[in-house]
Amino acid sequence: MNERAEFRLTVSCPDRLGIVARVARLIADAEGWITEAAQHTDTEAHWFFMRWVFSLPAGRDTDLSGSLGDLAGEFAMQWSLVRTDARPRVVILVSREPHCLTDLLARWRSGELPMEIPAILSNHRVLEEVASCYGIPFEHLPVARETRAEAFSLLRERLDLLGADTVVLARYMQILPPDLCSEFRHRVINIHHSFLPSFIGARPYHQAFARGVKLIGATCHYVTEDLDAGPIIEQDVARIRHDDQVEDLIRKGRDVERWVLARGLRYHLEGRVLTHGNKTIVFD
């Protein structure tokens, strides 16, 4: 039997008759064997989304890519075909808090997150020892109000040189400039310590405590030029007791932040997140 490799196809396009049938025919013509299939139609936007996983004989992905390119012109289709064993290069940005970083690194080392981490970048040196424990290069890129433009220009250079496919803000407490957000559209992932759109901005747990909330949460989202308003990938909540203090909210919130960021990043790495406007379709 010929050697085969597994591929993932994602498709997004205006909804119309025949999309599934035509794509399935192309995969069959390339001797593809479909093992996972998910699709969804946004009936209000009249937009179609699809994520399929299948194996192909060695070399047939080139033929399939050509056929999909032809079909894309006919269906106004955005599409991506990648091997499922690909390991995107993920650069992690941090500031002072370790909980999200240490959780991601533990999951990465255990094989739960299929990625390479070429470097951890930070505006502080506090977490340099954590990076060292995992054998990952650490770079200190300080950000001062007076040199902010130069600092982010250097950050962009470093991301380019590191070949970053995805950037994760693991409690990186700086606002990225709009041009960087635009360049890495839908490739910068943030964990916000709030159940957005509630309690945006700084000190959300203090805001929540002042309101006497019974649930707190965290939101994993793509970063855009609009602060804390990018497409949401994943969210979760924790219940709050009447006698919980701010410190309790922060402790519980950090747990939720870990879970939500890890799930959101995994969905992204596995090509399970498709965007349309400011909404996401997540084939989890």
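Refer to the structure presented above.
For clarity, every value in this text was computed on a predicted model and none was experimentally measured.

Caption draft 1: Here's a closer look at the sheet that holds strand 11 (residues 232-239). Taken together, the 7 strands give an open sheet; going across it, the order is 7-6-5-8-9-10-11, and neighbouring strands pair in mixed fashion. Where the open sheet ends on each side, the last strands, each with one partner, are strand 7 (138-140) and strand 11. Between one strand axis and the next, the sheet turns by 20° as a mean value, whatever way the strands run. Inspection of the sheet shows strand 5 (residues 90-94) paired to strand 8 (residues 166-169) by 4 bridges, in the parallel sense. By the bridge assignment for strand 8, Val91 is matched with Val167. Lying over the sheet, helix 5 (residues 148-161) contacts strand 5, strand 6 (120-122), strand 7 and strand 8, oriented at roughly 180° with respect to strand 6.

Caption draft 2: Broad picture of the packing of helix 7 (residues 204-211) against helix 8 (residues 246-269). Contact geometry of helix 7 with helix 8 gives a least axis separation of 9 Å together with a crossing angle of 125°. By the angle class used here, helix 7 and helix 8 are oblique. Between helix 7 and helix 8 the crossing geometry is right-handed. Taking contact as the criterion, the partners of Tyr205, His206, Ala208 and Phe209 in helix 7 are, on helix 8, Val246, Leu249, Ile250, Gly253, Arg254 and Glu257.

Caption draft 3: Examining the side chain of Arg171 more closely. Structurally, the position occupied by Arg171 is in the loop between strand 8 and helix 6 (178-183). Note on Arg171: relative accessible area 5%, which makes it buried. A distance of 3.3 Å separates a polar atom in the side chain of Arg171 from a polar atom in the side chain of Glu97. Ignoring anything within four residues of it in the chain, the contact list for Arg171 reads Val94, Ser95, Glu97, His99, Cys100, Ile191, His193 and Glu257.

Conventions we followed
- Per-chain numbering applies: the sequence of each chain, read as written, is numbered from 1 onward.
- Predicted model: local features are reported for residues with pLDDT of at least 70 only, side-chain atom pairs are reported and counted for 80 or more only, and whole-chain, interface and lining totals are derived from all residues.
- Side-chain measures were taken over the full set of non-hydrogen atoms in the model, leaving aside hydrogen atoms and water.
- Any two strands with at least two DSSP bridges between them are considered paired.
- For helices the rule is a DSSP run of H or I covering at least 4 residues; for strands it is a run of E covering at least 2, with both sets numbered from the N terminus onward.
- The axes are straight lines fitted to the C-alpha atoms, using for helices just the contacting stretch, and the angles between their N-to-C directions are given from 0 to 180°.
- Residues are treated as being in contact if the distance between any of their heavy atoms lies within 4.5 Å.
- Orientation is classified from the angle alone, with under 35 degrees giving roughly parallel, over 145 giving roughly antiparallel, 65 to 115 giving roughly perpendicular, and any other angle giving oblique.
- Two helices that cross are described as forming a left-handed crossing if the nearer one is turned anticlockwise from the farther one by less than a right angle, and a right-handed crossing if clockwise.
- Think of it in three bands: with a 1.4 Å probe and only protein chains considered, a residue is buried below 20% of the maximum accessible area for its type, exposed above 50%, and partly exposed in between.
- Two N or O atoms form a polar contact when they lie within 3.5 Å of each other; inside protein one atom must be a possible hydrogen donor and the other a possible acceptor, and for residues adjacent in sequence the pair counts only when both atoms belong to side chains.

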